[in-house]
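For reference, the chains in residue letters:
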Amino acid sequence: MNARHFLSMMDYTPDELLGLIRRGVELKDLRNRGVLFEPLKNRVLGMIFEKSSTRTRLSFEAGMIQLGGQAIFLSHRDTQLGRGEPIADSAKVMSRMLDAVMIRTYAHSNLTEFAANSRVPVINGLSDDLHPCQLLADMQTFLEHRGSIKGKTVAWIGDGNNMCNSYIEAAIQFDFQLRVACPAGYEPNAEFLALAGERVTVVRDPKAAVAGAHLVSTDVWTSMGQEEETARRKKLFAPFQVTRALLDLADKDVLFMHCLPAHRGEEISVDLLDDSRSVAWDQAENRLHAQKALLEFLVAPSCKPA
């Protein structure tokens, strides 16, 4: 299979990733100016959802429509995957009918197996290991508000989950320092930490992580599939709530991001999204523009910019 996939930030070079987020800025400008740009006319994206979503579905579906194409939503129960058809078989069939496939799933191995058997690009819309599309949006948002993130300091507060793993990959690819503040036993994946080396530091004190940081980010304490752990996690993670007072310890021009949905009063104080330093709404919108740049890159590599 010769298709180019996007399963991880490490699938691309730093220059390619920077090109994608810059292209996302351009596509955002085209949309804001009402310029019609449809390089994916008659192209179809298949979207397989094992995990529910608001932003992922809306951004990919709207993005394909705005680029002139179409998107087909498939929940796990809508396909034979839900009845036990092997992933490889489904990939071979779907990739003969579609121009690209986006998958939002649990096990990352589902993505790698599907991609290995697909003749069209496969995009990771989220797995238990990684969420690279969100990081494209986050990096675009920082670029728009503060310029290059190279050499900056980023603080991740909370669970060392898939978002944290993707921030580690972004630290490598975009050349920034990352401090991760999490409770013992909730560190990010050891393989990602080893890959990053001295670029990533794990601490237990959120104040130490945030001190002087240019970007602070967090996520919910309980991810999908971990609901039975909610009560225990709330108690354990309580000292890791991001508040306005915590942001006051960061750089004076700090930005706050949250991939949403947010549980106000848990991982963030109830008023934090209303703080002038929060760019969560821009961040959410940029899922649309960054992913349009990705779709254009993967599905229509020969298309010329407008």
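Quick note: structure is the one above.
Along each chain, numbering runs from 1 in the same order as the chain's sequence is written. Two thresholds apply to this predicted model, a pLDDT of at least 70 for residue-level local features and 80 or more for giving and counting side-chain atom pairs, whereas whole-chain, interface and lining totals are computed over all residues. Think of the side-chain values as coming from all heavy atoms in the structure, minus any hydrogens and water.

Asker: Explain the packing of aromatic side chains here, please?
Answerer: By convention here, two paired aromatic rings are described through the distance between centres and the angle between planes. Pairing of aromatic side chains requires ring centres within 6.5 Å, counting the rings of Phe and Tyr and the six-membered ring of Trp. Pairs whose planes differ by under 30 degrees are stacked, by over 60 edge-to-face, and all others tilted. Here the structure, examined in full by the defined rule, presents seven aromatic pairs. A ring pair is formed by Phe6 and Tyr12, whose centres lie 5.2 Å apart and whose planes are at 65°; its orientation type is edge-to-face. The same class applies to Phe6 and to Tyr12, which are both buried. Considering the side-chain rings of Tyr12 and Phe297, the 5.7 Å spacing of their centres and the 55° angle between planes classify their relative orientation as tilted. Here Tyr12 is found in the segment before α1 (14-32), whereas its partner Phe297 is found in helix α11 (residues 280-299), with 285 residues between them in sequence. For every residue, the accessible area obtained with a 1.4 Å probe (protein chains only) is divided by the maximum for its type, and the residue is called buried under 20%, exposed over 50%, and partly exposed between those limits. Helix and strand assignments come from DSSP, with helices taken as H or I runs of at least 4 residues and strands as E runs of at least 2, each series counted from the N terminus.

Asker: I tried to follow the sheet that holds strand β6 (residues 177-181) on my own but got confused; where do I start?
Answerer: Think of a sheet as strands paired side by side through backbone hydrogen bonds, with each pair either parallel or antiparallel. A pair of strands counts as paired when DSSP detects no fewer than two bridges linking them. With respect to topology, five strands assemble into an open sheet ordered β7-β6-β5-β8-β9, the strand pairing being parallel. Sheet topology places β7 (200-203) and β9 (255-258) at the edges, where each strand pairs with a single neighbour. Taken pair by pair, the neighbouring strands of this sheet meet at an average axis angle of 20°, ignoring direction. Where strand β5 (residues 153-157) meets β6, five bridges bridge the pair, whose relative direction is parallel. Across the sheet, residue Ile157 finds its bridge partner in β6, namely Ala181. Here an angle of 0 to 180 degrees is reported between the N-to-C directions of two axes, which are lines fitted to C-alpha atoms, with helices fitted over the stretch in contact.

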